[in-house]
Each structure stands twice: as structure tokens, then as C-alpha cells.
Amino acid sequence: MTVKAAIVIPIYNHKDEIGATLGRLMPYGLPIFVIDDGSDDATQAVLAELAERWAPAVSLMRRAVNGGKGAAVMTGLKAAREAGFTHALQIDADGQHDAADVPRFLEAAQAAPDAVVLGRPVYDESVPKARLYGRYLTHVWVWIETLSFAIPDAMCGFRLYPLEAACSLIDTCALPTRMDFDIEILVRLSWRALRFVTIPTRVTYAAGGLSHFDVVRDNVRISKSHTRLVAGMLVRLPVLLARKVLPREPAPTAAAGNQRRWWRIAERGSRTGMRLLALSCRLLGMRATRFWLRPIVAYFVLTGRAARLESQRYFARLRDASPEETTPPPGWRSAYRHMLAFAEAGLDKLAAWTGRIDHARVVFDDSSAFDALVASGKGALVIGAHLGNLEMTRALAVRGSRAKVTAVVYTEHARRFNSVLAGAHRDFASRMVEVTDFGPETAVLMQQRIDAGELLVIVGDRVPAHETGRVVDVPFLGRAAPFAQGPYVLAHALGCPVYLFFCLKERDGHRLYFEPFAERIALPRRERAAHLAEHARRYAERLEYYCRKAPFQWFNFFDFWARQRGEGNGGR
């Protein structure tokens, strides 16, 4: 998106400062909308002279009666939108803001066109101490009203709005028109899921400068605004919590379309939301936390169109490949159950790492292969999938000390969730190794762990971010799908036994499936491609078997069958 920005300056009787403010802004070549909010005759005369001097760069708009800063800003934003601009940079007329930071605001907008760019004030000794400390109360209320710290300062008048979002809010919501405007528009934009970017900027207060802030009236207005916003937050609480716990869907771009690389799909939820879930588990218990997941998931089924459609695509292919009556039909109900199972799997991971899983309800379907491997003391490569709850099994193995289990993960996609799990148990970080590909360096890193008798757990239904298309197409649910070559290349380099492992949730607990896959994987140079294809085919067959067994527990909300270089995989 090309950012086409203008500057909006609300003014009321700042005739002595406006000339210098305009002079500092003119070098940046941006059109300027000056909104005279019912100023006195002397200020009107100064503005008329400046508009004539700087024409056509400066457009002067007059409001016959003073309506407040918010009213003037809204007039300027709508005028900028009507003139064809995509963004508007709001700056005060009194010269408190550092115009030298204008390029930084524009660069931030170009990098994140859908975000609101906020100035975060850096004060010098000129700031009145009462005003400095008094605004912290508003900061705290804004953090409560948005359930986030994304807005560090909601009162700074130096900010850049994406006009489509800002004017849509203005057109559909009765915003306050005076000093409380700056606060309320940001909170309501946050409720509409806009992003915020902050820019540190110097703010100075001139000695004897004119201020229109009425200590009594404006503080009363701001208090009333916070009352409205807190009430609005409580009404929206399930939705706001849902955004923090479940995925935020990035808008597709023309270049990417619907086929986005899985590792670039936004990770589900924020650290704050995930920690709220962890806190709920500790304070309220698993049953109460699971109850709250249901309305949250329902919200995302309604609003998460892309994930919903990909879930339905998966069930359509599953049904075509398995036309039995027990196969769930694609639709809203199956998408809801699919997403709910994903959310509950996340809770189960937290529960496992915090010791809230009843070990008696986690059983092996057949433990003979696992017991023999552990008794031998040998290391092995264990290939799993994003089916069921593989990570919970790793936590149980660590807690039970039955085996040393290390996960080989692509954490550039799930850093937030992993950070929460790391806080749940001290062994988490030591039981996880991050990789970006399956080259020789990865094999060397893993060899020491195999030699020490560890079980390396890796997923076979992911292509690492830097694998650059090293996949093989094999049949999966009735259609060719790209599967990574990496696990088999790594097994060949390590020269160790290979097993398949799945953990499925059942009504009475979890059931573990541990299967021998190969005593050793060899990849002769002349027949390398054929051997890789055969191993991937066998893995895909077993994955398909377990997908049919637990259709709601394969957590890939994307087009897995898309054949692009290094693409086609998503989820956590």
C-alpha cells in the first residue's frame, strides 16, 4: 500500500505559535489542513495571511463556533479523506511537538499502513509536574479498557491515523468533541483490532504558553469518558479476551493471496492472552477455563473466515476419502468443533506442564515398542504430527523421567505460546531445540543428543521456513500433498531408529500410539528421491489413518495441499 499522507492541525487562538509550527512543517512537502475552531478575530487574521502565503500547500477550514479539539480534528480527518489521502498526521498548533520527527512517523506508516502511529512523549524540565503525573492515571485506565499495553500514552496529540479506519469510526460512533477525544478514539480503534506503533518524540512546554485544558471541566469529561469506556470494555470482554487467546487473521495481500507461508501466519494470540489462560487454569481450574473457551471459539468461527473455510476444505477432502457415515460433514458445526479441539489442546499443554493432568488417564495403546526402546538406552528419532497433543506427551515424559525427550521445533512461529509453557516448568527450555532447516548443521547438533540416548521428537507435516521447497508429493486424503523430506534426511544422517508417535484425546483421557517406522533410514545417492518418496508415503498413510480416527484433532487451518516452494503448512 502506498501511503499518501496529509497533516491536520486543530487550532484555537494560538496566533503567536501557528506561524512557527507551519514553518517547521513545510520542508516535508505534505499538504496541511488547518482547522480553525472558532478562533478570535486576531487569530483568524493571522491564519488568513498564512494560508495565502503558503497556498496551495495549506488549506484553511473554519468552524464558526468553537466545538472543541476533537470536533476540529474530526473535521480535518474527514476533509483529508475526501481529498483522497490515506493517512493523516495530527499535530498540535502550539509548537510543543518536534516537527523533526515527521519523517519517522511516515516511515512507520509505510512499514505498517494499517496501524495507528502514536507519539510517546519524551519530556524535558519544562513539563508541568502536575500534568506529567496526572496523565498516568489515564494511562492505567486505557490499559484496563484495552486489556493491553499497546497504547503507552493516549493523550499525546502527535499521531498518525489510517484514514479509512479512523473515519469509519467517526461515521459510526458518537465520539467526544473536546479534550477527551484523543483518548476515546484510540481505545475504540483498539476495540476494532487496529495495531499501534509508537515513536518516542520530544515534547516541550513554552514558558507562559497558552493552554486550553480546563483542569475542572476537562478532567470531569475525561472521567466520564473512562466510565463509558470501562463499561464498553466489560460488554466486549469475551471478544477482547478471544482476540488475545485465539488467532488474529492477517489481511491477505494481492501478492500472497490465500497461499501464505505457514511460518508467516500470525501466531495465535498474545502473551498476555495466553498468560490469562494460564492464570485462569491456576485460579479457576481446567473445567471453568474450558467453559470460557466455547464462546471465544464461537466468536472466531464467525469472524475467522479464512480458517473456517480451510477447516471445511479439510473435512470435504476427509469425507471424499472416507465416505463412511461417521466422517464429519464439512460445515459450520465441524469448523466449530475443529477450532474448539485446537483451543482445548492448548489448555492440555498448559495442564501437562503445570502437573494438572491425571497420569492415570494417559495410557499407551501398546507400550511394548516404547518400553523396549527406553530399556535399551538408545536414542531415536520420533516423528509426530500436528495431530492430537504431541507436546503434552513430551511434558509427561519429562515429569515421569521415563525418557529424555527433546522436541525439535520451528519456534519462529510459536514464540509466544512457548514462552508461556517455559514459565510453567523449568525443564521446558532444556527440552526444546529450535531449528530453521534440516541441513548438516542440524544433524551435528542432534547427534550428541542421540548419542546420549535422547528421543528427538519432530513433526512430519511441516516444512521449515528455510527448506526452500525440499518436499515430496505423496497421496494424502485422496490428493497429492507436499510433505517435508527433512525428517528422513535427518534420520539418515543420525543413523538411528525411527518411530512414529501420536497422542489422541479421548473422552476418558489421552491415548498414546508409538509405532516402529524404520530401524534405520538409508538414502542411496542414485535412489535417493525414490526412497524419500517411499518414506513420506508411509508416513502420510499413517497420518491419514489417525486423521480418520480423530478427525477433529489435525490442527492445520490452511490449504495443506497447496504445492508451492516451501509452502502449504500452517498452525502451531
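Only a predicted model underlies this, so the values are computations on that prediction, with no experimental measurement involved. (Residues numbered from 1 in each chain as written. Predicted model: local features only at pLDDT ≥ 70, side-chain atom pairs only at ≥ 80, totals over all residues. Heavy atoms only, no water.)

Glancing now at the overall build of the protein. Helix and strand counts for the protein come out as 19 helices and 16 strands. For the protein, with 572 residues in total, the buried portion stands at 54%. Within the protein, counting contacts between residues at least 6 apart in sequence, those at least 24 apart form 79% of the total. For the protein, the exposed surface amounts to about 25600 Å²; the carbon and sulfur share of it is 54%. (Helix = DSSP H or I, 4+ residues; strand = E, 2+ residues; numbered from the N terminus. Buried < 20%, exposed > 50% of the residue type's maximum accessible area, 1.4 Å probe, protein only. Contact = heavy atoms within 4.5 Å. Areas by Shrake-Rupley, 256 points an atom, 1.4 Å probe, with all protein chains shown as cover.)

What follows is about the nonpolar core. Formed by 62 residues in total, the largest nonpolar core has its most connected members in L387, F476, F483, L543 and W554. For this core, the element with the highest residue contribution is helix 13 (residues 332-353), accounting for nine residues. Setting aside residues up to four positions removed in sequence, F483 forms contacts with G460, V471, V472, V474, F476, A536, Y539, A540, L543 and F560. Formed by 38 residues, the second largest nonpolar core is a distinct cluster that contains A79, V116, L118 and V187. (Core = buried A, V, L, I, M, F, W, Y, C linked by side-chain atoms within 4.5 Å.)

The strand order 3-2-1-4-6-5-7 describes an open sheet built from seven strands, whose pairing is mixed. Single-partner strands in this sheet number two, and they are strand 3 (58-63) and strand 7 (196-203). Across the sheet, the axes of successive neighbouring strands diverge by a mean angle of 25°, strand direction being ignored. With six bridges joining them, strand 2 (residues 32-37) and strand 3 adopt parallel strand pairing. Residue pairing for strand 3: I35 is matched across the bridge by M61. In the packing of helix 7 (residues 181-191) onto the sheet, contacts are made with strand 4 (87-90), strand 5 (116-123), strand 6 (159-162) and strand 7, and the angle to strand 6 comes to roughly 45°. (Pairing = 2+ DSSP bridges. Axes fitted to C-alpha atoms, helices over the stretch in contact; angles between N-to-C directions.)

Turning next to unusual backbone geometry. Backbone torsion omega between A55 and P56 reads 0°, so that peptide bond is classified as cis. Following the sequence through the fold, P56 ends up in the loop between helix 2 (41-54) and strand 3. At N13, a residue that is not glycine, the phi angle is positive and equals roughly 65°. On the secondary structure map, N13 appears in the loop between strand 1 (5-11) and helix 1 (18-25). Backbone geometry places L477, a non-glycine residue, at a positive phi of 55°. Along the chain, L477 turns up in the loop between strand 13 (471-476) and strand 14 (479-484).

For the structure shown, the criterion picks out 25 aromatic pairs. Of the aromatic side chains, those joined through ring pairs into one cluster are Y314, F315, F476, F483, Y539, F552, W554, F560 and W561. Just above the ring of F85 sits the side chain of K4; from NZ or CZ to the centre is 5.2 Å. It is R542 that lies over the ring of Y545; its NZ or CZ is 4.5 Å from the centre. (Phe/Tyr/Trp six-rings, centres within 6.5 Å; stacked < 30°, edge-to-face > 60°. Lys NZ or Arg CZ within 6 Å of the ring centre and 35° of its normal.)

For the rest of this paragraph, the subject is the environment of Y161. Residue placement: Y161 occurs in strand 6. Y161 sits in the buried class, given a relative accessible area of 0%. A sequence separation of 84 residues divides Y161 from L77, and the C-alpha atoms of the two residues are 8.6 Å apart. Sequence-distant contacts of Y161, that is, excluding residues within four places in its chain, are made with L77, T86, H87, A88, Q90, V116, A166, F181, D182, I185, L186 and L189. Within the structure, the side chain of Y161 is placed 3.0 Å from the side chain of R159, a separation counted as a polar contact. (Polar contact = N/O pair within 3.5 Å; in protein donor to acceptor, adjacent residues only side chain to side chain.)

Attention now goes to a nonpolar patch on the surface. Residues L137, V140, W141 and I144 make up a contiguous nonpolar surface patch of roughly 350 Å² in combined accessible area. Along the chain, the position of L137 falls in helix 5 (residues 129-146). Residue class for L137 comes out exposed when judged on its relative accessible area of 56%. (Patch = residues over 30% accessible without salt bridge, like charges linked within 9 Å, V, L, I, M, F, W, Y side chains within 5 Å. Salt bridge = Lys/Arg side-chain N within 4 Å of Asp/Glu carboxyl O.)

Here we take up the packing of helix 1 against helix 2. Following both chains from N to C, one finds helix 1 and helix 2 inclined at 20°, their axes separated by 10 Å at the closest point. Between helix 1 and helix 2, the angle is such that the two are roughly parallel. In this structure, the crossing between helix 1 and helix 2 has a hand that is right-handed. Along its contact with helix 1, which presents I18, G19, L22 and G23, the element helix 2 presents V46, L47, L50 and W54. (Parallel < 35°, antiparallel > 145°, perpendicular 65-115°, else oblique. Left-handed = near helix turned anticlockwise from the far one by under 90°.)

Moving on, we come to the side chain of H226. For H226, the location among the structural elements is in helix 8 (residues 215-235). Given a relative accessible area of 7%, H226 falls into the buried group. Leaving out residues up to four positions away in the same chain, H226 has contacts with T138, W141, V142, E145 and I183.

Let us now look at the pattern of salt bridges. Proximity of charged atoms lets side chains of opposite charge pair with each other. Taken as a whole, this structure holds 24 salt bridges when the rule is applied. Among the salt bridges present, the one from K15 reaches D16, with a minimum N-O distance of 3.1 Å. The exposure class of K15 is partly exposed, given its relative accessible area of 32%. Taking the relative accessible area as the measure of exposure, D16 reaches 61% and is therefore exposed. R542 is the salt-bridge partner of E515, the closest N and O atoms lying 2.8 Å from each other. Remark: R542 occurs in helix 19 (residues 528-549) and E515 occurs in strand 16 (residues 509-518); sequence separation between them is 27 residues. Using a relative accessible area of 16% as the deciding quantity, one classes E515 as buried. One salt-bridge network, held together by shared partners, links K69, D92, R159 and D182.

Here we come to the environment of L543. Along the chain, L543 falls in helix 19. Between the C-alpha atom of L543 and that of F476, which follows or precedes it by 67 residues, the distance is 8.4 Å. Setting aside residues no more than four positions away along its own chain, L543 makes contact with A385, L387, D461, F476, F483, F502 and W554.

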